[in-house]
Amino acid sequence: MSKKNKKNQNDEPKAAQEEVLNEETVEQTQENVNPEADDPEKKIADLEAALEHEKKEYLFLMADFENFRKRTLKEKADLIKNGAESAMRDLLPVVDDLERALDAINKGGDLDSLKEGVDLIYNKFVKYLESQHVMAIDSTGKDFDTDVHEAVTMFPAPDPSMKGKVIDTTIKGYMINDKVLRHAKVVVGS
């Protein structure tokens, strides 16, 4: 057999398959045709019903979103209003201790015990700050850093190694969660 005859024989089954597929497609299309679907009034009624359903769904979603927005705004306002509540509640024992210390001062108590009491109050307060992730900035003897320090004055350095370094801290600085809460006010060596 020649190549041409082989090619024609291979093409014949493909053509026959395509013809069978076309006939099946025509039959399926005729079966799917609904005589009522050709009725324009029925189509319009179906489309209007579908549109009405979609409108209701849309309105429901919009109302749901509006309720969500209002609820989150209210929750946010409550958080802002009452956000410091737990922090203030935890400070109350320190205030109580300070009031007892003031009473002891007014009664003329022992100076050594008074000093010890104030040290205990200070330590309690520092522990509270640490529990709230507030840490003091260690400044004296460190390089001057504008991110955490505020220079209040420049002073001649006692030795050349102290140039550009913090000689003294006049007011301690504090950080909360690696963010500056208050810059340390420092004296810088020049």
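All values reported here derive from a predicted model rather than from experimental measurement.

Conventions adopted
Residues numbered from 1 in each chain as written. Predicted model: local features only at pLDDT ≥ 70, side-chain atom pairs only at ≥ 80, totals over all residues. Heavy atoms only, no water. Helix = DSSP H or I, 4+ residues; strand = E, 2+ residues; numbered from the N terminus. Buried < 20%, exposed > 50% of the residue type's maximum accessible area, 1.4 Å probe, protein only. Core = buried A, V, L, I, M, F, W, Y, C linked by side-chain atoms within 4.5 Å. Phe/Tyr/Trp six-rings, centres within 6.5 Å; stacked < 30°, edge-to-face > 60°. Salt bridge = Lys/Arg side-chain N within 4 Å of Asp/Glu carboxyl O. Contact = heavy atoms within 4.5 Å.

Asks: Run through unusual backbone geometry, naming residues and quoting values.
Replies: Even without a glycine there, the phi angle at H133 is positive, about 65 degrees. Here H133 is to be found in the loop between helix 4 (111-131) and strand 1 (134-136). Overall, the relative accessible area of 49% leaves H133 in the partly exposed class. In this structure, N177 takes a positive phi of about 50 degrees despite not being glycine.

Asks: I'd love a proper account of the nonpolar core, names of residues and values included.
Replies: Formed by A87, L91, Y128, L129 and V134, the largest nonpolar core amounts to five residues. Those elements that place two or more of their residues in this core are helix 3 (85-106) and helix 4.

Asks: Before we move on, could you go through the packing of aromatic side chains and cite the residues and values that matter?
Replies: Across all of its chains, the model carries one aromatic pair by this definition. Where F125 meets Y128, the ring centres are 6.4 Å apart and the plane angle is 35 degrees; that geometry is what we call tilted. One end of the pair, F125, and the other, Y128, are both in helix 4, three residues apart, so they sit about a helical turn from each other. Among the residues examined, F125 registers a relative accessible area of 31% and is labelled partly exposed. Owing to a relative accessible area of 11%, Y128 belongs among the buried residues under this scheme.

Asks: Could you give me a rundown of the pattern of salt bridges, with the residues and numbers involved?
Replies: Overall, the coordinates contain nine salt bridges when judged by the stated rule. Put simply, D119 and K115 hold a salt bridge, and the shortest N to O gap is 3.4 Å. Separated by four residues within a single helix, D119 and K115 lie in helix 4, roughly one turn from each other. The exposure class of K115 is exposed, given its relative accessible area of 53%. Three or more residues joined by partner-sharing salt bridges are found here, namely D97, R100 and K124.

Asks: Could you give an account of the environment of L181, naming the residues involved and the relevant values?
Replies: Assignment of secondary structure puts L181 in strand 5 (residues 179-182). L181 sits 45 residues away from A136 along the chain, and the two C-alpha atoms are 9.6 Å apart. Sequence-distant contacts of L181, that is, excluding residues within four places in its chain, are made with V134, Y174, M175 and I176.

What is shown is where atoms sit, not what they do.
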